[in-house]
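# A look at the structure
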Amino acid sequence: MNLPKHIAIIMDGNGRWATARGHNRFWGHIRGAKSATDAIQTAVNLGIENLTLFTFSTENWKRPQLEINFLMRLLTRQLKRELKMLMDNNVRFSCMGDLSRLPNHAQAAVAETILATKNNTGMRLVFALNYSGRQDILNCTRTIASQVARGLLRPEDIDSQVFSQFLAGANQPEPDLIVRTSGEMRLSNFFLWQAAYSELYFCNKLWPEFRPEDLEAAVDSYLHRERRFGKTGDQVKHEISQSTPPVLEC
Ligand code: FPP
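Now for a look at the structure at hand. (Residues numbered from 1 in each chain as written. Predicted model: local features only at pLDDT ≥ 70, side-chain atom pairs only at ≥ 80, totals over all residues. Heavy atoms only, no water.)

### Let's talk about the overall build of the protein
Helix and strand counts for the protein stand at nine helices and six strands. In summary, the protein has a C-alpha radius of gyration of 20 Å against a globular reference of 18 Å for 250 residues, a match within 12%. Along the three orthogonal principal directions, the C-alpha set of the protein runs to about 70 × 50 × 35 Å. Looking at the protein as a whole, 42% of its 250 residues qualify as buried. Here the contacts in the protein between residues at least 6 apart in sequence split such that 75% fall between residues at least 24 apart. (Helix = DSSP H or I, 4+ residues; strand = E, 2+ residues; numbered from the N terminus. Rg over C-alpha atoms; globule rule 2.2 N^0.38 Å. Buried < 20%, exposed > 50% of the residue type's maximum accessible area, 1.4 Å probe, protein only. Contact = heavy atoms within 4.5 Å.)

What follows is the structure, given as structure tokens:
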């Protein structure tokens, strides 16, 4: 099966899930964290090699301070609680985004989890934290401009491949499949460059309601799509048939 090598998820709808049930938004985040754990386990079970979860965007700092504090505490608690699950599943954890603005406890939990899982060889799990696609592209442009100024790079050598080497998550394949919950149909500044040819899957469920079978349905939808990357459908089919050995008549 041609499984997506990299799935990225925009986990949306925690607040709406909680308020619809007469709870405060914090309950939605607690239940959302449980859905995140289930999604990690499901991705491992499906044999996905890379999973990125959009956990906290650069725009999320605009939320009420109490909610930000809670989300950061939840992140720390979740990383500590789920370390055994990550180890049991041979998951290697890392982050992308500017971690320096995170509170010390969250930075420490992130660093401990990265260290503890660094020799794991299974699925790579990335939390996007204080991340945005535009900021990533800006950082990348600054790095490239400084390399050009120092004579390490010539402007004419900057192509897509060179550019993407300076982006966050350059050691991962670009996301094949981006899933967003809650019925919203936008990228919200996630993986702007890398999403150029990602397949998008929108699920109406709110993130706390997202179950293993919903991720399986997203993967199933992906498996039924034809990815043409600018080519014609005939060309894509021809490539597939060329890779199939011909039947030999004796
Ligand atoms: C979106 O719901 C969710 C987030 C702001 C971040 C994701 C956080 C979690 C899933 C909980 C913690 C997870 C981990 C892995 C520690 P929202 O608050 O934007 O919902 P709304 O759109 O209904 O208001």
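### Quick word on the layout of surface pockets
What the largest pocket holds in volume is close to 700 Å³. Lining the largest pocket are 37 residues, and of these Met11, Asn14, Phe54, Thr55 and Phe56 sit closest to its centre. Among the elements of the structure, helix 1 (14-20), helix 2 (25-46), strand 2 (50-57), helix 3 (65-81) and strand 4 (124-131) are those that each provide at least two residues to the lining of the largest pocket. Counting residues per element, the lining of the largest pocket draws most heavily on helix 2, which supplies seven residues. Of the pockets and cavities examined, the second largest pocket occupies roughly 420 Å³. If you trace the second largest pocket, you find 17 residues lining it, with Asn2, Tyr222, Arg225, Arg227 and Phe229 closest to the centre. If you list the elements that add at least two residues to the lining of the second largest pocket, you get helix 8 (212-223) and helix 9 (233-243). Residue classes in the lining of the second largest pocket are distributed as seven nonpolar, one polar and nine charged. (1 Å grid on protein atoms, 1.4 Å probe; cavity = no way out; pocket = protein on both sides within 12 Å on 5 of 7 lines; lining within 4 Å. Points joined across faces, edges and corners; volume = space filled by probe spheres on them. Nonpolar A, V, L, I, M, F, W, Y, C, P; charged D, E, K, R; others polar.)

### Looking at the nonpolar core
Counting 40 residues, the largest nonpolar core has Ile7, Ile9, Ile40, Leu51, Leu53, Leu125 and Phe127 as the members making the most contacts within it. No other element matches helix 3, which puts five residues into this core. With 11 residues, the next largest nonpolar core counts Val126, Ala128, Phe191 and Ala195 among its residues. (Core = buried A, V, L, I, M, F, W, Y, C linked by side-chain atoms within 4.5 Å.)

### Here's the deal with empty space enclosed by the protein
Within the structure shown, the criterion is met by one cavity of 30 Å³ or more. In this model, the largest cavity occupies a volume close to 30 Å³. Every residue along the wall of the largest cavity is listed here: Ile10, Ile178, Val179, Arg180, Arg186, Leu187, Leu200 and Phe202. If you list the elements that add at least two residues to the lining of the largest cavity, you get strand 5 (177-180) and strand 6 (199-202). Among the elements that take part in the lining of the largest cavity, strand 5 stands out by supplying three residues, more than any other. Partitioning the lining of the largest cavity into residue classes produces six nonpolar, no polar and two charged.

### What to know about the pattern of salt bridges
Under the defined criterion, the tally for this structure stands at 17 salt bridges. Where Arg16 meets Glu184, a salt bridge forms, and the shortest distance between an N and an O atom there is 3.2 Å. Of this pair, Arg16 sits in helix 1 while Glu184 sits in the loop between strand 5 and strand 6, and the two are 168 residues apart along the sequence. On the basis of relative accessibility, which here comes to 35%, the residue Arg16 falls in the partly exposed class. (Salt bridge = Lys/Arg side-chain N within 4 Å of Asp/Glu carboxyl O.)

### Let's talk about the packing of aromatic side chains
This structure, assessed with the given rule, holds 11 aromatic pairs. Judged by centre distance (4.7 Å) and plane angle (70 degrees), the ring pair of Phe56 and Trp61 falls under edge-to-face. The exposure class of Phe56 is buried, given its relative accessible area of 2%. (Phe/Tyr/Trp six-rings, centres within 6.5 Å; stacked < 30°, edge-to-face > 60°.)

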